[in-house]
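Chain by chain, the residues run as shown.
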Amino acid sequence: SLTAVGYTGVPFSFSVVASSIGGAITYAVAPGSNPLPPGLILNSSTGQITGIPTQEGNYNVAINATNAAAAAVTGSSVIDFTIHPTGSVTREILV
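Residues numbered from 1 in each chain as written. Predicted model: local features only at pLDDT ≥ 70, side-chain atom pairs only at ≥ 80, totals over all residues. Heavy atoms only, no water.

Asks: In this structure, what is going on with the packing of aromatic side chains? I would like to understand it.
Replies: Two aromatic rings, taken as a pair, are described by how far apart their centres are and by the angle between their planes. Inspection of every chain in the model, using the stated rule, returns two aromatic pairs. On the numbers, 6.0 Å between centres and 50° between planes, the contact of F12 with F81 is tilted. Here F12 is found in strand 2 (residues 12–15), whereas its partner F81 is found in strand 7 (residues 72–84), with 69 residues between them in sequence. Each member of the pair, F12 as well as F81, carries the same accessibility label: buried. Members of the aromatic cluster, connected to one another through ring pairs, are F12, F14 and F81. (Phe/Tyr/Trp six-rings, centres within 6.5 Å; stacked < 30°, edge-to-face > 60°. Helix = DSSP H or I, 4+ residues; strand = E, 2+ residues; numbered from the N terminus. Buried < 20%, exposed > 50% of the residue type's maximum accessible area, 1.4 Å probe, protein only.)

Here's what the structure looks like:
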């Protein structure tokens, strides 16, 4: 799965890219998945997730990519969002 970190009240941007799928692609939150964190929206044409998070927490969201010509889901990714309160200090470990 993919990981995205944001802060409440701070502009957020994250891109979902389906580079292995050809043709016109549309993106959507998978049916039955948890919704995006409050304050964020998904651009169905570009896969860009943007907005200003309004609620801290952990969110696990599945995003589907669909090839318009095939009219079927041809790819899916799970994104683990962590939204921290504004002003909090986090420690991220690089490996």
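That was the structure; now back to the text.
Asks: What is the right way to look at the pairing of strand 5 (residues 48–51) in this model?
Replies: Regular strands show a simple pattern: their side chains alternate between the two faces of the sheet. Sheet topology places strand 2 next to strand 5; four bridges connect them, and they run antiparallel. Bridge assignment links F12 to a residue of strand 5, and that residue is G51. Where strand 4 (residues 40–42) lies against strand 5, three bridges are found, and the strand directions are antiparallel. The partner of L40 across the bridge, within strand 5, is G51. Following strand 4, the chain reverses through five residues before pairing antiparallel with strand 5; G47 in that reversal takes a positive phi of roughly 80°. (Pairing = 2+ DSSP bridges.)

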